[in-house]
Amino acid sequence: MSTPSIYGFTLDQLTAWLGERGHKKFRATQVWEYLYRKRVTSFADMTDVHPDCVKLLEENFAIQTLVEHTKQVSKDGTVKLLLKLDDGNLIETVMMRHKFGLSVCVTTQVGCNIGCSFCASGLLKKSRDLTSGEIVEQIMKIQLHLDEAGQGEKVSHIVVMGIGEPFDNFIHLNDFLTTVKDHKGLAIGPRHITVSTSGLADKIREFADKDQGVNLAVSLHAPNNELRTRIMKINRAIPIEKLMDAIDYYLERTNRRITLEYILLKDVNDQPEHALELAELVGDRRRSLVNVNLIPYNPVDEHSQYQRSENDSIKGFYDTLKKQDVSVSVRLEHGADIDAACGQLRSKQMNKEKAG
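What comes next is a walk through the structure. (Residues numbered from 1 in each chain as written. Predicted model: local features only at pLDDT ≥ 70, side-chain atom pairs only at ≥ 80, totals over all residues. Heavy atoms only, no water.)

Tallying secondary structure elements over the protein gives 11 helices and 12 strands in all. Its C-alpha atoms give the protein a radius of gyration of 21 Å, within 12% of the compact-globule value 21 Å for 356 residues. Here the C-alpha coordinates of the protein stretch approximately 70 × 50 × 40 Å along the principal axes. Across the 356 residues that make up the protein, the buried fraction comes to 57%. Summed over all atoms, the accessible surface of the protein reaches about 16,000 Å², with 48% contributed by carbon and sulfur. Taken as two groups, the 46 positive and 49 negative side-chain charges of the protein have centres that lie 2 Å from each other. (Helix = DSSP H or I, 4+ residues; strand = E, 2+ residues; numbered from the N terminus. Rg over C-alpha atoms; globule rule 2.2 N^0.38 Å. Buried < 20%, exposed > 50% of the residue type's maximum accessible area, 1.4 Å probe, protein only. Areas by Shrake-Rupley, 256 points an atom, 1.4 Å probe, with all protein chains shown as cover. Lys, Arg positive; Asp, Glu negative; His and termini not counted. Charge placed at Lys NZ, Arg CZ, Asp CG, Glu CD.)

Following this line, the structure appears as structure tokens:
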């Protein structure tokens, strides 16, 4: 059995675990600061921590459980890491450079069972959830990469939009969020964190009740049930009406803005009538708190039935929503010269290994 990651603890959990073994509260704070402020990669480097505590941690946990398998660097500064887990599985993590800071996109599952028909992540079915420690360690891998560059840069934003459905790994997701927000550690503000879901309505409600304070994005991708079911099989179980009811609950409970993600597929969901139908779905009562984010499609070899919308179609869709007073944006592209679509690098590597 593999050694669990020390990053799997929230500060409260670490404090309780050490307290049960005779160590006072300040020890946990010491360890926490070594992990997230000094960013040590070995327990032996925790020189101010009592040797008995260091020994206890060494016997029970590991600091580094992910191994860098492949790194791709785009000319726009995007960095994509293919990371190998202790059990040999592969996941992807991406760092993107924005004007507002450095954003990291993390993975929450090994594979994905949602089965969106355009998505590279779902090419390989889910084999397991990631632990909260494995999710946190993705952030730390990027931060250590930045530390080594010596420019004093820090991860400032997080998007939980990598491989997998975050709300299908709900407990570990929430522990991860608690850890990265902690003001004694990475101290990433909740408004700088976005969690994306394919639309698990019950979990959207539960997430609203938990009130983590982070941003929520929902993958919509179609304005009606017939089209959304064709694109996303999850719509058979959770149709748009049920999803929008959960979104209404989230908005009423949190009074926070929500993003509806809409990937534009040529001649499938990018026509003016689709834009008008989407505007009607958003509705007047939600317009002040809902933003539609249009996403130009990154083609995936295995999904050749879908093509990227023409620039004129993207602009036309945007303009139609604007004329209907819908808040709308177009996602900036990153890493277009590398395996840009989430899951592409992992899928290519695994296919290569099978062929070899």
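On the basis of which strands lie adjacent, the open sheet formed by 10 strands has the order E1-E2-E3-E4-E7-E8-E9-E10-E11-E12 and mixed pairing. Where the open sheet ends on each side, the last strands, each with one partner, are strand E1 (67-73) and strand E12 (327-330). Taking each pair of neighbouring strands and ignoring which way they run, the sheet shows an average axis angle of 25°. Sheet topology places strand E10 (residues 258-264) next to strand E11 (residues 290-296); 7 bridges connect them, and they run parallel. Note that in E11 the partner of leucine 264 across the bridge is proline 296. In the packing of helix H5 (residues 170-181) onto the sheet, the strands contacted are strand E7 (155-160) and strand E8 (193-197), and the crossing angle to E8 comes to about 170°. (Pairing = 2+ DSSP bridges. Axes fitted to C-alpha atoms, helices over the stretch in contact; angles between N-to-C directions. Contact = heavy atoms within 4.5 Å.)

Running from N to C, helix H1 (residues 11-19) and helix H2 (residues 25-36) point in directions that differ by 130°, and their axes come no closer than 8 Å. What the angle tells us is that H1 and H2 run oblique. In this structure, H1 meets H2 at a crossing whose hand is right-handed. Here H1 contributes Leu11, Leu14, Thr15 and Leu18 to the contact with H2, which in turn contributes Lys25, Arg27, Ala28, Thr29, Val31 and Trp32. (Parallel < 35°, antiparallel > 145°, perpendicular 65-115°, else oblique. Left-handed = near helix turned anticlockwise from the far one by under 90°.)

Moving on: the layout of surface pockets. Rolled over the atoms, a probe sized like a water molecule indicates the empty space that remains. In this structure, the second largest pocket encloses a volume near 320 Å³. Around the second largest pocket, the lining is made up of 16 residues, and of these Thr3, Pro4, Ser5, Thr131 and Glu134 lie nearest the centre. If you tally residues by element for the lining of the second largest pocket, the top one is helix H4 (residues 132-149), at 3 residues. Taken together, the residues of the lining of the second largest pocket break down into 3 nonpolar, 9 polar and 4 charged. (1 Å grid on protein atoms, 1.4 Å probe; cavity = no way out; pocket = protein on both sides within 12 Å on 5 of 7 lines; lining within 4 Å. Points joined across faces, edges and corners; volume = space filled by probe spheres on them. Nonpolar A, V, L, I, M, F, W, Y, C, P; charged D, E, K, R; others polar.)

As a further point, take the packing of aromatic side chains. If you walk through the whole model with that rule in mind, you get 11 aromatic pairs. Plain terms: the ring middles of phenylalanine 9 and phenylalanine 61 are 5.1 Å apart, the flat faces sit at 70° to each other, and that makes the pair edge-to-face. Here phenylalanine 61 lies in the loop between helix H3 (51-60) and E1 and phenylalanine 9 lies in the segment before H1, a separation of 52 residues in the sequence. Pairing phenylalanine 118 with tyrosine 297 gives two aromatic rings, centres 6.5 Å apart and planes at 90°, and the pair type is edge-to-face. Of the two residues, phenylalanine 118 sits in the loop between strand E5 (109-110) and strand E6 (128-129) while tyrosine 297 sits in the loop between E11 and helix H10 (311-323), which places them 179 residues apart along the sequence. Given the relative accessible area of 7%, phenylalanine 118 is considered buried. The positively charged end of lysine 203 is found above the aromatic ring belonging to phenylalanine 170, 4.7 Å away from the centroid. (Phe/Tyr/Trp six-rings, centres within 6.5 Å; stacked < 30°, edge-to-face > 60°. Lys NZ or Arg CZ within 6 Å of the ring centre and 35° of its normal.)

Opposite charge on two side chains permits pairing when their charged atoms draw close. Evaluated as defined, the whole model comprises 16 salt bridges. In this structure, glutamate 20 and arginine 21 form a salt bridge, with 3.3 Å as the shortest nitrogen-oxygen distance. Using a relative accessible area of 39% as the deciding quantity, one classes arginine 21 as partly exposed. A salt bridge links lysine 266 to glutamate 310, with the nearest nitrogen and oxygen atoms 3.1 Å apart. (Salt bridge = Lys/Arg side-chain N within 4 Å of Asp/Glu carboxyl O.)

Before going further, it helps to spend a moment on unusual backbone geometry. Glycine aside, negative phi is the norm for most residues, and most peptide bonds take the trans geometry. In this structure, alanine 187 is a non-glycine residue whose phi angle is positive, near 55°. For alanine 187, the location among the structural elements is in the loop between H5 and E8. With a phi close to 60°, aspartate 267 is a non-glycine residue in the positive phi region. Relative to the elements of secondary structure, aspartate 267 occurs in the loop between E10 and helix H9 (272-282).

What follows concerns the environment of arginine 256. If you trace the backbone, arginine 256 turns up in the loop between helix H8 (240-254) and E10. For arginine 256, a relative accessible area of 18% translates into the label buried. With near-sequence residues (within four places) excluded, arginine 256 lies in contact with Arg191, Asp211, Gly213, Val214, Tyr250, Leu251 and Leu289.

Next up on the list: the pairing of E10. Along E10, 6 of the 7 residues are buried, which leaves the element largely enclosed by surrounding structure. The pairing of strand E9 (residues 215-219) with E10 spans 4 bridges and is parallel. If you follow alanine 217 over to E10, its bridge partner there is threonine 259.

Another aspect to go through is H3. Taken together, the buried positions of H3 are occupied by Cys53, Val54, Leu56 and Leu57. The buried residues of H3 occupy an angular sector of 160° when projected down its axis, which confines them to one face. Seen from the open side of H3, the exposed residues pointing more than 90 degrees away from its buried face are Pro51 and Glu59. On its buried face, H3 is in contact with H1 and H2. (Arc of directions from axis to C-beta.)

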